[in-house]
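# Structural characterization, general
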Amino acid sequence: MQLTIVGTGYVGLVSGTCFADTGNDVVCLDIDEGKIERMRRGESPIYEPGLDDLLERNLAAGRLTFTSDREQAYSNPDFIFICVGTPSDEMGRADLKYVLAVAADIGTALEAQGPVEPGTPGPIVVVKSTVPVGTNDKVRAAISSHTSKPFSMASNPEFLKEGAAIHDFYKPDRVVVGCDEERTGSQLRRLYEPYVRQGNPILVMDIRSAEMVKYASNAMLATKISFINEIASLCEAFGAEIGMVRKGMCSDKRIGNQFLYPGLGYGGSCFPKDVLACISMGEESDTPARLLEAVHLVNQKQRIRFIGKIDEHFSGEVAGLKFAIWGLAFKPRTDDMREAPSLDIIRWLLERGASVCAFDPVARERAAECVQGDITFADNDFDALDGAAALVICTEWPEFRRPDFDEMRRRMAGNVIFDGRNIYSLPLMREHGFSYYSVGRRPQLS
Ligand code: NAD
């Protein structure tokens, strides 16, 4: 099948490459010409495990092409996937300007094409971006305002996780398709069949429900994170230990143990904006999303609480001290810095006159674009420690889990670790003589 993917970010590039890998002809369109040039050379503009090989293979096979030329991209595909960003606007609503600009482009391109034979169905325009309920109607109207040529609409929210995106695309828990024509549903089923060979479902439903599934899923996951973080705060206040509480609680099969880890709160390009978008949908419809308002507040407070621990330990006097930061991206195995908790912590330290030396295995370049001031980036985790008063762990990369603690002590000027991901046990920290602050456990001073 002929596919056009519009927007080559984390979702568009992964989807386009994986669709090409099962034999489809895929054209990826982006307005960022620099990005297009890099991808034509086989260079992925994002870090995503496994993507480079897949990109190279499908480029070489001629199934995957990249362009910034709208006319070329929109000439006769079976499917057009809209994968552009939907960031929060200043009111917290999902900003649809990129999605609607693409809709206008599609309408204009369809209109410019020659006459169509009667009965020809036209392309299926698939909204893969995460959008508020009702957006497909807006996209349909925006396209129709530029053309009377036929096309169909579908919603196909994406559930991949950065850092495991190729795996998730190839083995999705489910594929959700929203449509209002039988043909659209069966065409999308055919496209996705190679990815659900182990029997995971392709759920075909109405468009509005499909749009809602994505928000409901992200809102639920964000709620789990804020829930466990709130319990962690109570543990700290009352001297309980969140690790034990988690185990006791999660042994109940009704609760389960996934996505219930205390930490610095959720970040990234999805949960923060999708929770806000749900809250906005509630406000617009006079159906206040009280639970999600609390989820958002707890999440914001989580970073502030953690920063408070640093502030308190140093009695408000961090100016002139050097801090080592391990991990910058909002989670391991990605270079995505959007809404990363590390940024709030680093900015706070720099504003108060501390200096920072940071290490992240893949996010250094992107992080450097996000922060200015007295910050340097180390080539490895240990170099970041030299002369540091304290180490702050912001991302749980596996390589941080079992470092040489004696070497750490030798390199650091101080002996304090602020661990925002609870990657060490209290006995381990005691054994190596560190003062240790974590989440949901009382500080252990050495
Ligand atoms: P992104 O910001 O990484 O990429 C968006 C791309 O769209 C950019 O390369 C941009 O240049 C391009 N673009 C903007 N306007 C364009 C236009 N008119 N024509 C062509 N290209 C254009 O975004 P992302 O992280 O891939 O997210 C895309 C959507 O998917 C969002 O709605 C997001 O919520 C959703 N989503 C993201 C993830 C994720 O993990 N990142 C997962 C599931 C769903």
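Residues numbered from 1 in each chain as written. Predicted model: local features only at pLDDT ≥ 70, side-chain atom pairs only at ≥ 80, totals over all residues. Heavy atoms only, no water.

This part covers the site of the ligand. Around the ligand there are 26 residues in total, and D30, K35, T86, E162 and K273 lie nearest to it. The side chain of T86 places a nitrogen or oxygen atom 2.6 Å from an oxygen atom of the ligand. Relative to its unbound accessible area of 840 Å², the ligand is 89% covered by the protein chains. Counting residues per element, the ones that place at least two in the shell around the ligand are α1 (10-21) and α5 (97-112). Each residue belonging to the shell around the ligand can be placed in one class, and the counts come to 11 nonpolar, eight polar and seven charged. Domain assignment of the residues forming the shell around the ligand places at least three in each of domain 1 (2-205) and domain 2 (208-446). (Near = heavy atom within 4 Å. Polar contact = N/O pair within 3.5 Å; in protein donor to acceptor, adjacent residues only side chain to side chain. Areas by Shrake-Rupley, 256 points an atom, 1.4 Å probe, with all protein chains shown as cover. Helix = DSSP H or I, 4+ residues; strand = E, 2+ residues; numbered from the N terminus. Nonpolar A, V, L, I, M, F, W, Y, C, P; charged D, E, K, R; others polar. Domains from an automatic or database assignment.)

Both faces of strand β6 (residues 152-155) are covered, namely the face carrying S152 and A154 and the face carrying M153 and S155. Two strands pair when backbone bridges link them, and strand β5 (residues 124-127) and β6 are joined in this way by four bridges, in the parallel orientation. If you follow V127 over to β6, its bridge partner there is S155. Looking at chain direction, β6 and strand β7 (residues 175-179) are connected through two bridges and run antiparallel. Counterpart to A154 in the pairing with β7 is C179. (Buried < 20%, exposed > 50% of the residue type's maximum accessible area, 1.4 Å probe, protein only. Pairing = 2+ DSSP bridges.)

In spatial order, the strands read β3-β2-β1-β4-β5-β6-β7-β8; together these eight strands make up an open sheet with mixed pairing. On the outer flanks of this sheet lie β3 (64-67) and β8 (202-205), each paired with one strand and no other. Averaged over neighbouring strand pairs, the angle between their axes works out to 25° when direction is ignored. Helix-sheet contacts for helix α2 (residues 33-40) involve β2 (25-29) and β3, and the interaxial angle to β3 is about 155°. (Axes fitted to C-alpha atoms, helices over the stretch in contact; angles between N-to-C directions. Contact = heavy atoms within 4.5 Å.)

A few words on the environment of M429. Here M429 lies in helix α16 (residues 426-431). By relative accessible area, which is 0% here, M429 ends up buried. Sequence-wise, M429 and I417 are 12 residues apart; in three dimensions their C-alpha atoms are separated by 8.9 Å. When sequence neighbours within four positions are dropped, the list of residues in contact with M429 reads F405, I417, Y424, F434, Y436 and Q444.

With that settled, consider the domain arrangement of the chain. The figure often quoted for interface size is the accessible area lost as the parts come together. Per the domain assignment, the segments making up the chain are domain 1 (2-205) and domain 2 (208-446). Computed from C-alpha coordinates alone, the two centres of domain 1 and domain 2 are separated by 33 Å. Domain 1 puts 32 residues into the contact, and the matching count from domain 2 is 26 residues. Carbon and sulfur atoms supply 55% of the area buried between domain 1 and domain 2, which totals about 2,300 Å² over both sides. In terms of surface lost to domain 2, no three residues of domain 1 exceed Y47, V133 and E162, which account for 27% of the buried area on that side. Inspection of the domain 1/domain 2 interface yields two salt bridges. Among the salt bridges present, the one from R338 reaches E162, with a minimum N-O distance of 3.9 Å. (Buried area = accessible area lost by both parts, 1.4 Å probe. Salt bridge = Lys/Arg side-chain N within 4 Å of Asp/Glu carboxyl O.)

This brings us to helix α9 (residues 207-238). The end-to-end C-alpha separation of α9 is 47 Å, in line with the 46 Å expected for 32 residues at 1.5 Å each. At the N-terminal end of α9, a side-chain oxygen is found 3.3 Å from the backbone nitrogen of R208, two or three residues along, and the residue is D206. G239 occupies a position one or two residues after α9 and carries a positive phi of about 75°. (Expected span 1.5 Å × (residues − 1).)

What follows is about the sheet that holds strand β13 (residues 416-419). The sheet built from six strands is open, its strands ordered β11-β10-β9-β12-β13-β14 with parallel pairing. The open sheet has two edge strands with one neighbour each: β11 (375-377) and β14 (435-437). In this sheet, neighbouring strand axes are inclined to one another by 20° on average, regardless of whether the strands run parallel or antiparallel. Summarising the sheet, strand β12 (residues 390-393) and β13 pair through four bridges and their orientation is parallel. By the bridge assignment for β13, V392 is matched with F418. The sheet contacts of helix α12 (residues 290-313) involve β9 (322-326), β12, β13 and β14, and relative to β13 the element is tilted by about 165°. Its contacts with the sheet put helix α13 (residues 341-351) on β9, β10 (355-359), β11 and β12, and the angle it makes with β10 is roughly 155°.

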